[in-house]
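Letter by letter, the chains look like this.
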Amino acid sequence: MRFRILITIVVFFSPGNSSRILGFFPIPSLSHQRIFQSIWKELSLRGHDVTVISPNVLNEPDLNKLKEIDVGFVYKMMEEWNVAKKISLENHQMRSIMNIYTFFQEVMDIELEQKEVKSITNNKTEYYDVILVQFSHIYPLVHGIASKFESPLIGISSMDLYLHAHDAVGNPTHPLVAPDIMLNLHGKLGFFDKISSVLHNILYRILYYWYALPMADKVARKHFGENIPYLGDVEKNMSLILTTVNPIIHPIRPNVPNMIEINQIHIREKKPLPKDLQDYLDSAPEGVVYFSLGSNVKSANISSEIRNIIIEALSELPYKVLWKWETDYLPNQPYNVLTRKWIPQQDVLGHPNIKVFITQGGLQSIEEAICNEVPMVGLPYITDQPYNVRKLEEFGIAIGLNPGTMTKDQFKRAILEVAGNKKYKERVREAKAILTDQPMKGVEKAVWWIEYVIRHKGAKHLRSPAADLSFFEYFLVDVALFFVFCALLLTYVVVKMIRWCRCRSKKGLTKEKAN
Ligand SMILES: *[C@@H]1O[C@H](CO)[C@@H](O)[C@H](O)[C@H]1NC(C)=O
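Structure report, in brief.

Thresholds applied
Residues numbered from 1 in each chain as written. Predicted model: local features only at pLDDT ≥ 70, side-chain atom pairs only at ≥ 80, totals over all residues. Heavy atoms only, no water. Helix = DSSP H or I, 4+ residues; strand = E, 2+ residues; numbered from the N terminus. Buried < 20%, exposed > 50% of the residue type's maximum accessible area, 1.4 Å probe, protein only. Contact = heavy atoms within 4.5 Å. Areas by Shrake-Rupley, 256 points an atom, 1.4 Å probe, with all protein chains shown as cover. Lys, Arg positive; Asp, Glu negative; His and termini not counted. Charge placed at Lys NZ, Arg CZ, Asp CG, Glu CD. Core = buried A, V, L, I, M, F, W, Y, C linked by side-chain atoms within 4.5 Å. Axes fitted to C-alpha atoms, helices over the stretch in contact; angles between N-to-C directions. Left-handed = near helix turned anticlockwise from the far one by under 90°. Nonpolar A, V, L, I, M, F, W, Y, C, P; charged D, E, K, R; others polar. Near = heavy atom within 4 Å. Polar contact = N/O pair within 3.5 Å; in protein donor to acceptor, adjacent residues only side chain to side chain. Salt bridge = Lys/Arg side-chain N within 4 Å of Asp/Glu carboxyl O. Parallel < 35°, antiparallel > 145°, perpendicular 65-115°, else oblique. Patch = residues over 30% accessible without salt bridge, like charges linked within 9 Å, V, L, I, M, F, W, Y side chains within 5 Å. Pairing = 2+ DSSP bridges. Phe/Tyr/Trp six-rings, centres within 6.5 Å; stacked < 30°, edge-to-face > 60°. Lys NZ or Arg CZ within 6 Å of the ring centre and 35° of its normal. 1 Å grid on protein atoms, 1.4 Å probe; cavity = no way out; pocket = protein on both sides within 12 Å on 5 of 7 lines; lining within 4 Å. Points joined across faces, edges and corners; volume = space filled by probe spheres on them.

## Structural notes on the overall build of the chain
Part 1: Counting its secondary structure elements, the chain contains 19 helices and 13 strands.
Part 2: Classification of the 515 residues of the chain by burial places 53% in the buried group.
Part 3: Of the contacts made within the chain by residues no fewer than 6 positions apart, 67% connect residues no fewer than 24 positions apart.
Part 4: Carbon together with sulfur atoms contributes 59% to the accessible area of the chain, which is approximately 25400 Å² in total.
Part 5: Computed over 60 positive and 54 negative side-chain charges, the inter-centroid distance for the chain is 8 Å.

And the structure:
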């Protein structure tokens, strides 16, 4: 018995047990890539042979089982395209979704053209135990990479999912229980909100299944050949989805067993701050406001009017300000403001003198703030940010403003309120207690589930039958029609019978009279 245990242990830890993993994380957005980085790093540390294609490679020399293919050149496309402007708040929802779709498809198209990428996708003799793909927005071309290999596929999202992702594994998408994040709807919905949520659920699917998916399929055929299965079938064949959501922000919803919620994936141990920043923060016992709009919304893209409003408000604060500003020069820089092009955000947020975090409301930034107990002022710009910020407000750990319309006074008042009113700090402590009270760390959970899929060769036993039902079957349209038919038939028979009885009794009467 002991001997068997020993053998099991030896087998388990021997290199023979390492799996071959391929990851395709194509979208140029650092905050999202941090999630995937943490996961592929951990997988390679656990002895797996990991190959990834990403615009943000780690390049850590001691990760010797990791092969990273750098497609970082696509960041240039991102800048030329100006993501923040194209998908700004003013845009219509569907148009904004389509803008993102068109751009990401272009990005992937170019990435798949690269020689190094082709050497992987064209190598038919290669085998992978699992393929991981980024699955956060609407860019179905990503599944193309799995179309040539007969490996189980896992989708990983760095944010809440869109409807088609839920559909892939048969997860319920009730328009009232969990309205789509793009709609920015909260709490109990009013009548017109319900209508808009239902319409969105229908329109989005028309757009995705009848336009986006067939278009992506065409491009996939260009790269992977005519013999690949339909891209929609590859997506539907997905073994598991890992989605980054948390109970503070996202709707609580029922999930099928192969829909796994993860969070705090990128949260790491504190590292010492660079000396200049450490000194700056140490020397401000009155408090510091930390300001960063993340990696997608560049400060320099903010219009000069809004920038002036921001600068004036900051200059009137009784606090020091640390601002992630990406150019060399900040016009009219106030004396209490220090700018840096890059800031180790998690470590700065961990400094006890940080009073407020002014953020665009990206999910990763929010998690970092909560884990460090820092309340927020939200200036949301794109995609899920408006929704996230509203949820933070509802939870009582932030004040949200519209960066396009706010005045200097509103901005200043919001900062002073969040910094000065103790209730924000208390609430953010509660939020942290909820968020961090979990049986295992985020990245451990993600890796456990990926290895689970490898162990069970796709883990098809977890698949919900709902994933394979058509819309008509799922909503029992045929059954409902049958009942409607029965009701009509019954009504018809009853009406006929009443008529017949009346007729007879009339006949009876006339006969009586005649007699
Ligand atoms: C579905 O996934 C299995 C592995 O889980 C794979 O062998 C098969 O080729 C896939 N089929 C399609 C159509 O992608």
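That covers the picture; the talk isn't over yet.
## Examining the nonpolar core
Part 1: Counting residues in hydrophobic clusters, the biggest one holds 89 residues, and the most contacted among them are I131, L322, V348, I370, M376 and I397.
Part 2: The element contributing the most residues to this core is helix α5 (residues 93–113), with 10 residues.
Part 3: Setting aside its immediate chain neighbours within four residues, I131 contacts L22, I145, A146, F149, S151, P152, L153 and I154.

## With respect to the packing of helix α2 (residues 30–45) against helix α17 (residues 442–455)
Part 1: At a minimum axis distance of 10 Å, the contact between α2 and α17 shows a crossing angle of 60°. Of the two elements, α2 crosses α17, and the hand of that crossing is right-handed. Of the residues in α17, those touching α2 at S38, I39, E42 and L43 are V443, A446, V447 and I450.
Part 2: Grouping the constituent residues of the contact of α2 with α17 by class yields six nonpolar, one polar and one charged.

## Some thoughts on the site of the ligand
Part 1: With respect to spatial proximity, the complete set of residues near the ligand consists of E150, P152, P229, N237 and K460.
Part 2: In this structure, an oxygen atom belonging to the ligand sits 3.4 Å away from a main-chain N or O atom of E150.
Part 3: At a separation of 2.3 Å, an oxygen atom of the ligand approaches a polar side-chain atom of N237.
Part 4: In the complex, the protein chains occlude 67% of the 360 Å² of accessible area that the ligand would expose alone.
Part 5: Residues belonging to the shell around the ligand are distributed by class as follows: two nonpolar, one polar and two charged.

## Focus: the pattern of salt bridges
Part 1: Scanning all chains against the criterion turns up 20 salt bridges.
Part 2: When the shortest N-O distance is used, the salt bridge between R340 and D276 registers 2.8 Å. Of the two residues, R340 is situated in strand β10 (residues 337–340) and D276 in helix α10 (residues 275–282); the sequence distance between them amounts to 64 residues.
Part 3: With a relative accessible area of 27%, R340 lands in the partly exposed category.
Part 4: Overall, the relative accessible area of 37% leaves D276 in the partly exposed class.
Part 5: Each member of the salt-bridge network shares a partner with another, and the members are D217, R221 and E226.

## Notes on the packing of helix α11 (residues 304–315) against helix α15 (residues 408–420)
Part 1: Here α11 crosses α15 at 45°, and the two axes come no closer than 9 Å. Classified by the angle between their axes, α11 and α15 sit oblique to one another. Both α11 and α15 take part in a crossing whose hand is right-handed. Here α11 contributes I309, I310, E312, A313 and L314 to the contact with α15, which in turn contributes K408, F411, K412 and I415.

## Observations concerning a positive patch on the surface
Part 1: A surface patch of positive charge is lined by K496, R499, R502 and K506.
Part 2: In this structure, R502 sits in helix α19 (residues 477–514).
Part 3: Since its relative accessible area comes to 60%, R502 is described here as exposed.

## Describing the sheet that holds strand β2 (residues 49–54)
Part 1: In space, the seven strands of this open sheet follow the order β3-β2-β1-β4-β5-β6-β7, with parallel pairing throughout. The two strands at the open ends of the sheet, each matched to only one other strand, are β3 (66–70) and β7 (259–262). Geometrically, the sheet is characterised by an average inter-axis angle of 15° between neighbouring strands, direction not taken into account.
Part 2: Pairing of strand β4 (residues 130–134) with strand β5 (residues 153–157), which is carried by four bridges, proceeds in the parallel orientation. If you follow I131 over to β5, its bridge partner there is L153.
Part 3: The strands that α2 touches are β1 (20–24), β2, β3, β4, β5, β6 (240–244) and β7; relative to β2, the one it contacts most, it runs at about 165°.

## A word on the packing of aromatic side chains
Part 1: A full pass over the atoms with the stated rule returns 20 aromatic pairs.
Part 2: With a centroid separation of 5.8 Å and 45° between ring planes, the pair formed by F103 and F104 is classed as tilted. Here F103 and F104 have matching classes, each one buried.
Part 3: Every member of this aromatic cluster is reached through a ring pair, and the members are Y162, Y204, Y208 and Y209.
Part 4: Across from the ring centre of Y280, 4.6 Å away, lies the NZ or CZ of K320, which sits over that ring.
Part 5: Over the face of the ring belonging to F395 we find R427, whose NZ or CZ atom lies 4.1 Å from the ring centre.

## Examining the side chain of E451
Part 1: Along the chain, the position of E451 falls in helix α17.
Part 2: With relative accessibility at 9%, the residue E451 sits in the buried group.
Part 3: Within the structure, the side chain of E451 is placed 2.8 Å from the side chain of R46, a separation counted as a polar contact.
Part 4: Discounting residues that sit within four places of it in the chain, E451 has contacts with R46 and H48.

## Considering empty space enclosed by the protein
Part 1: In the structure shown here, the tally under the stated rule is three cavities of 30 Å³ or more.
Part 2: As for the largest cavity, its lining consists of D160, L161, H166, T243, V245, H250, P251, R253, N255, M259 and E261.
Part 3: Residue classes in the lining of the largest cavity are distributed as four nonpolar, four polar and three charged.
Part 4: There is about 50 Å³ of room inside the second largest cavity.
Part 5: Tallied by class, the residues present in the lining of the second largest cavity amount to seven nonpolar, one polar and three charged.

## Quick look at the side chain of K391
Part 1: Mapped onto the fold, K391 is located in helix α14 (residues 385–395).
Part 2: As a buried residue without a salt bridge, K391 has its nearest oppositely charged side chain in E394, at a separation of 4.4 Å.
Part 3: If we ignore the near neighbours within four places in the chain, the residues touching K391 are H186, I248 and I249.

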